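What follows is each chain in one-letter form.
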Amino acid sequence: MAIGAAISHRNFTSPITSGKIYQLEQVTAHQGAEKLSFSSAQYVHRNTYSENIHSLKKIYFVSGYMNTISSRGLDPVAGNALRSRAMILYAGENKKFHMTNHRQRVKGICRCSVSLPSESYNWIKPVQLKNTSISNSQTLQPRVSSDGGASEVVLIGETKPWWEQFPKRWVIVLLCFSAFLLCNMDRVNMSIAILPMSKEFNWNSATVGLIQSSFFWGYLLTQIVGGIWADKIGGKQVLGFGVIWWSIATVLTPIAAKIGLPFLLVMRAFMGIGEGVAMPAMNNILSKWIPVSERSRSLALVYSGMYLGSVIGLAFSPILIQKFAWPSVFYSFGSLGSLWFAFWLSKAHSSPVEDPELSEEEKKHILGGSVSKEPVTSIPWKLILSKAPVWALIVSHFCHNWGTFILLTWMPTYYNQVLKFNLTESGLLCVLPWLTMAVFANIGGWIADTLVSRGVSVTNVRKIMQSIGFLGPAFFLTQLSHVKTPAMAVLCMACSQGSDAFSQSGLYSNHQDIGPRYAGVLLGLSNTAGVLAGVFGTAATGYILQNGSWDDVFKVAVVLYIIGTLVWNLFSTGEKILD
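Computed from a predicted model, the values in this text were never measured in an experiment. (Residues numbered from 1 in each chain as written. Predicted model: local features only at pLDDT ≥ 70, side-chain atom pairs only at ≥ 80, totals over all residues. Heavy atoms only, no water.)

Concerning empty space enclosed by the protein
As enumerated under the stated definition, the model contains nine cavities of 30 Å³ or more in all. Approximately 180 Å³ is the volume attributed to the largest cavity. Elements that contribute at least two residues to the lining of the largest cavity include exactly helix H2 (168–201), helix H8 (295–324), helix H12 (388–417) and helix H13 (423–453). At five residues, H12 tops the list of elements feeding residues into the lining of the largest cavity. Of the residues belonging to the lining of the largest cavity, the class tally is ten nonpolar, six polar and two charged. (1 Å grid on protein atoms, 1.4 Å probe; cavity = no way out; pocket = protein on both sides within 12 Å on 5 of 7 lines; lining within 4 Å. Points joined across faces, edges and corners; volume = space filled by probe spheres on them. Helix = DSSP H or I, 4+ residues; strand = E, 2+ residues; numbered from the N terminus. Nonpolar A, V, L, I, M, F, W, Y, C, P; charged D, E, K, R; others polar.)

Some thoughts on the side chain of His-397
Within the secondary structure, His-397 is located in helix H12. In terms of polar contacts, His-397 uses its side chain to reach the side chain of Asn-527, at 3.0 Å. Discounting residues that sit within four places of it in the chain, His-397 has contacts with Leu-507, Tyr-508, His-511, Leu-523, Ser-526, Asn-527 and Gly-530. (Polar contact = N/O pair within 3.5 Å; in protein donor to acceptor, adjacent residues only side chain to side chain. Contact = heavy atoms within 4.5 Å.)

Points about the pattern of salt bridges
A side chain of one charge can pair with a side chain of the opposite charge if their charged atoms are brought near each other. This structure, assessed with the given rule, holds seven salt bridges. Note that Arg-187 and Glu-275 form a salt bridge whose closest N and O atoms lie 3.1 Å from each other. Of the two residues, Arg-187 is situated in helix H2 and Glu-275 in helix H6 (residues 261–276); the sequence distance between them amounts to 88 residues. Classification of Arg-187 by relative accessible area gives buried; the value is 6%. Judged by its relative accessible area of 0%, Glu-275 is buried. The closest approach of N and O atoms between Asp-449 and Arg-297, which form a salt bridge, is 2.9 Å. Of this pair, Asp-449 sits in helix H13 while Arg-297 sits in helix H8, and the two are 152 residues apart along the sequence. In this structure Asp-449 comes out as buried when scored by relative accessible area, which is 6%. (Salt bridge = Lys/Arg side-chain N within 4 Å of Asp/Glu carboxyl O. Buried < 20%, exposed > 50% of the residue type's maximum accessible area, 1.4 Å probe, protein only.)

Remarks on the confidence of the model for the protein chain
On average, residues of the protein chain carry a pLDDT of 75, and 69% of them reach 70 or more. Counting contacts from residues 1–118, a segment whose pLDDT is below 50, to residues more than four positions away or on other chains yields 308 contacts. A low-confidence stretch, residues 120–157 (pLDDT under 50), is modelled with 104 contacts involving residues beyond four sequence positions or located in other chains. (pLDDT = per-residue confidence, 0-100.)

Let's talk about the packing of H8 against helix H16 (residues 507–514)
Packing of H8 against H16 brings their axes to within 10 Å, and their N-to-C directions diverge by 135°. Taken together, the axes of H8 and H16 are oblique relative to one another. Of the two elements, H8 crosses H16, and the hand of that crossing is right-handed. Contact residues: H8 offers Arg-295, Ser-296, Leu-299 and Tyr-303, while H16 offers Tyr-508, Ser-509, Gln-512 and Asp-513. Considering only residue class, the contact of H8 with H16 consists of three nonpolar, three polar and two charged. (Axes fitted to C-alpha atoms, helices over the stretch in contact; angles between N-to-C directions. Parallel < 35°, antiparallel > 145°, perpendicular 65-115°, else oblique. Left-handed = near helix turned anticlockwise from the far one by under 90°.)

Side note on the packing of aromatic side chains
A full pass over the atoms with the stated rule returns 18 aromatic pairs. Ring geometry for Tyr-414 and Trp-550: centres 5.0 Å apart, planes at 70°, overall edge-to-face. Note that Tyr-414 is positioned in helix H12 and Trp-550 in helix H18 (residues 550–571), a separation of 136 residues in sequence. This pair shows no difference in class: Tyr-414 is buried, exactly as Trp-550 is. When the ring centre of Tyr-219 is taken as reference, the NZ or CZ atom of Arg-187 above it lies at 5.0 Å. (Phe/Tyr/Trp six-rings, centres within 6.5 Å; stacked < 30°, edge-to-face > 60°. Lys NZ or Arg CZ within 6 Å of the ring centre and 35° of its normal.)

A closer look at a nonpolar patch on the surface
Residues Ile-248, Leu-252, Ile-255, Ile-259, Phe-263 and Tyr-331 make up a contiguous nonpolar surface patch of about 570 Å² in total accessible area. If one sorts the elements of the nonpolar patch by residue count, helix H5 (residues 235–259) sits on top with four residues. Within the secondary structure layout, Leu-252 lies in helix H5. (Patch = residues over 30% accessible without salt bridge, like charges linked within 9 Å, V, L, I, M, F, W, Y side chains within 5 Å. Areas by Shrake-Rupley, 256 points an atom, 1.4 Å probe, with all protein chains shown as cover.)

Written out as structure tokens, the structure reads:
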């Protein structure tokens with residue numbers, strides 16, 4: 001922080017720094033005053049306090065807040081200001097006067113002063129301070145100057161930019177959010193591109209279902225392996241590998257399609273291999289970086305990246321296809337992974353212990369509010385698979401993903417074939433349900449964390465959230481067969497997906513509840529079941545549509561949602577069962 005303090009007849013601004021403690025040397029006062037001592041000061045940003053920063057037998061300074069600026073040499077910027085107030089106790093007489101203000105976060109140089117009316121307190125004479133420094137910054141440069149007959153000491157220091165003061169754990173969350181945004185952008189582009197591709201290559205519904213499900217072949221292979229890998233070597237390396245792998249596969253997809261169907265199936269499976277490690281790696285890294293009190297909202301934010309990725313992919317894919325043909329979707333989306341990877345390498349660490357730039361204050365907050373971070377050397381498979389809550393996770397994840405992946409991969413086709421929307425309209429209207437999910441996932445996360453903070457048990461919170469995530473979609477899917485207009489059908493889809501998003505504060509947060517040390521492996525296990533639902537559900541939908549209707553597709557999903565609700569409420573828990 002830019003810090004300054006001076007003694008003159010004009011003003012005073014308290015020295016502040018972001019969570020650090022520093023000391024000022026003694027300043028002597030003469031002519032009838034006792035020794036003036038500047039004691040250690042502490043200022044902690046936001047939820048903390050400022051201690052008494054100056055002491056004198058007859059002069060005391062205390063701190064408060066206000067929102068105005070009056071500090072020489074300091075440009076006004078937005079933010080809270082630290083206000084200093086002096087109370088003079090001299091010869092039994094109380095006198096108060098206000099001092100000027102100093103913004104807490106300003107880049108550059110500031111000069112601030114401490115003041116007393118010279119005519120009343122002319123006995124104070126400053127001396128130059130030596131070797132004065134603040135926090136880890138360079139030594140401040142003091143000076144003595146005179147202005148209008150009054151002397152002053154000015155300390156000048158540099159500030160930290162705001163992005164260096166942003167909580168590092170939320171930097172990790174935002175990077176994971178952006179990785180998941182790219183993940184779904186690269187995944188859903190096929191659901192739009194498959195329409196012109198099927199016309200060009202003469203694919204029927206069964207072939208389209210096969211292509212859509214081929215992604216899950218690779219996705220299935222790396223769920224458990226990715227979880228083990230992340231728990232043993234760290235989430236940074238695994239998630240970075242995954243993003244680069246699936247980005248390369250995305251770029252190569254048009255080439256494989258033009259060579260032949262078998263090559264396209266293999267390339268989609270390769271893409272699934274990269275995306276398969278993403279969720280276990282993310283779960284591992286957040287289990288180390290995020291305290292329990294912030295778990296639901298952080299996971300909700302990360303998973304909302306998936307939903308926004310679907311929004312962006314479904315919105316921009318039709319535009320790119322119409323202007324540059326369908327291969328442009330894969331080339332443009334796939335190239336974004338390299339940009340993300342550069343930021344990931346420079347900013348991310350697998351755990352807070354490994355981050356040399358993390359402040360001690362934030363490290364204490366993270367480690368004090370989360371679980372032990374001992375590395376995993378072996379996986380207790382027998383113990384894990386003997387726990388009923390683990391099986392509740394697995395079964396519920398299967399039931400949940402059946403309906404979710406059907407909507408993810410087949411929604412544009414539904415809009416095109418049933419509601420008679422064209423390609424552009426199909427892509428744009430598919431945006432609404434995923435946008436709804438992005439919003440309600442974060443609402444659900446804040447509700448869940450608030451309930452936990454108010455004393456509701458984690459078990460009850462997880463059951464409430466997941467019940468909404470199951471029964472909401474089940475209800476709205478049953479209404480699709482009764483609606484008469486395309487607008488109402490789109491609204492039902494949006495409400496179905498919006499209520500589904502509460503699952504992020506239900507089963508998707510439960511892995512870290514019941515076994516935080518094995519969060520990657522647990523997510524790998526349950527998501528393997530979820531991937532099987534995607535493989536079977538996506539492929540089965542193609543065959544159902546050849547012999548039945550969309551009502552039959554939705555009925556199967558509703559039945560599985562109800563089964564998931566029963567299993568979850570009977571066997572799940574929010575307590576730690578694996579240590």
